[in-house]
Amino acid sequence: MDAAQLQAQAIKVHRALGEQTRYRIVQLLATEGDLCPAELEKRLESIPLSTLSHHLKQLAECQLLTPQKQGTFIYYSLNRETVQKFAAYLIS
């Protein structure tokens, strides 16, 4: 990845984390491990599942989250490599 690509990805990551709900999702996954959207919805309480799906998509697109299908569920995990590269303060 060249410098321009790294800069573009860093901007995407920090823009995604600039939204409070997405920041909270990343913090939850950092502390609790893999979670499915229904589990995240319970922990975030006032966020409807449709809105949560939008946030998860944004975080996955900038490679902060990795979706993993297990049966009929999709679990999201924190991509620690991306976090260490662009947002290491999240998991400290």
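All of the points below concern the structure found in this document.

**Focus: the packing of helix H3 (residues 37-44) against helix H4 (residues 49-61)**
(1) Moving on: Where H3 contacts H4, the two axes come as close as 10 Å, and the packing angle between them is 110 degrees. Taken together, the axes of H3 and H4 are roughly perpendicular relative to one another. Crossing hand, H3 versus H4: right-handed. On the side of H3, the interface is formed by Pro37, Ala38, Leu40, Glu41 and Leu44, while H4 contributes Leu49, Leu52 and Leu56.
(2) Moving on: Here the contact of H3 with H4 is composed, by residue class, of seven nonpolar, no polar and one charged.

**Some details on the packing of helix H2 (residues 20-32) against H3**
Angle between the axes and distance between the axes are the two parameters that describe a pair of packed helices.
(1) Moving on: Direction vectors running N to C along H2 and H3 enclose 110 degrees, while the axes themselves pass 11 Å from each other. As judged from the angle between their axes, H2 and H3 are roughly perpendicular. Between H2 and H3 lies a crossing of right-handed hand. The residues of H3 that touch H2, namely those facing Thr21, Arg24, Ile25, Leu28 and Glu32, are Leu40, Arg43 and Leu44.
(2) Moving on: Its residues assigned to classes, the contact of H2 with H3 shows four nonpolar, one polar and three charged.

**Points about the environment of Gln9**
(1) Moving on: Inspection of the secondary structure assignment puts Gln9 in helix H1 (residues 3-17).
(2) Moving on: Through-space distance from the C-alpha of Gln9 to that of Glu61 is 9.9 Å; in sequence the pair is 52 residues apart.
(3) Moving on: When near neighbours in sequence (up to four residues on either side) are disregarded, Gln9 contacts Met1, Cys62, Gln63, Thr82 and Phe86.

**Regarding H4**
(1) Moving on: The end-to-end C-alpha separation of H4 is 18 Å, in line with the 18 Å expected for 13 residues at 1.5 Å each.
(2) Moving on: Of the positions making up H4, those classed as buried are Leu52, His55, Leu56 and Leu59. Down the axis of H4, the buried set is contained in an arc of 100 degrees. They therefore lie on one face. Projecting away from the buried face of H4 at angles above 90 degrees are the exposed residues Ser50 and Lys57.
(3) Moving on: Phi for Gln63, located one or two positions after H4, is positive at around 70 degrees.

**Things to note about H1**
(1) Moving on: Taking 1.5 Å per residue as the helical rise, H1 with its 15 residues ought to reach 21 Å, and the 21 Å between its terminal C-alpha atoms agrees with that figure.
(2) Moving on: Listing the buried residues of H1 in full gives Gln9, Ala10, Val13, Ala16 and Leu17. For H1, the angular spread of the buried residues around the axis is 130 degrees, confining them to a single face. Exposed and facing more than 90 degrees away from the buried side of H1 are Ala4, Gln7 and Arg15.
(3) Moving on: In this structure, the buried side of H1 is in contact with H2, H4 and helix H5 (80-86).
(4) Moving on: Looking at where H1 begins, the residue whose side-chain oxygen comes 3.2 Å from the main-chain nitrogen of Ala4 is Asp2.

Rules of the game
- Residues numbered from 1 in each chain as written.
- Predicted model: local features only at pLDDT ≥ 70, side-chain atom pairs only at ≥ 80, totals over all residues.
- Heavy atoms only, no water.
- Axes fitted to C-alpha atoms, helices over the stretch in contact; angles between N-to-C directions.
- Helix = DSSP H or I, 4+ residues; strand = E, 2+ residues; numbered from the N terminus.
- Parallel < 35°, antiparallel > 145°, perpendicular 65-115°, else oblique.
- Left-handed = near helix turned anticlockwise from the far one by under 90°.
- Contact = heavy atoms within 4.5 Å.
- Nonpolar A, V, L, I, M, F, W, Y, C, P; charged D, E, K, R; others polar.
- Expected span 1.5 Å × (residues − 1).
- Buried < 20%, exposed > 50% of the residue type's maximum accessible area, 1.4 Å probe, protein only.
- Arc of directions from axis to C-beta.
- Polar contact = N/O pair within 3.5 Å; in protein donor to acceptor, adjacent residues only side chain to side chain.

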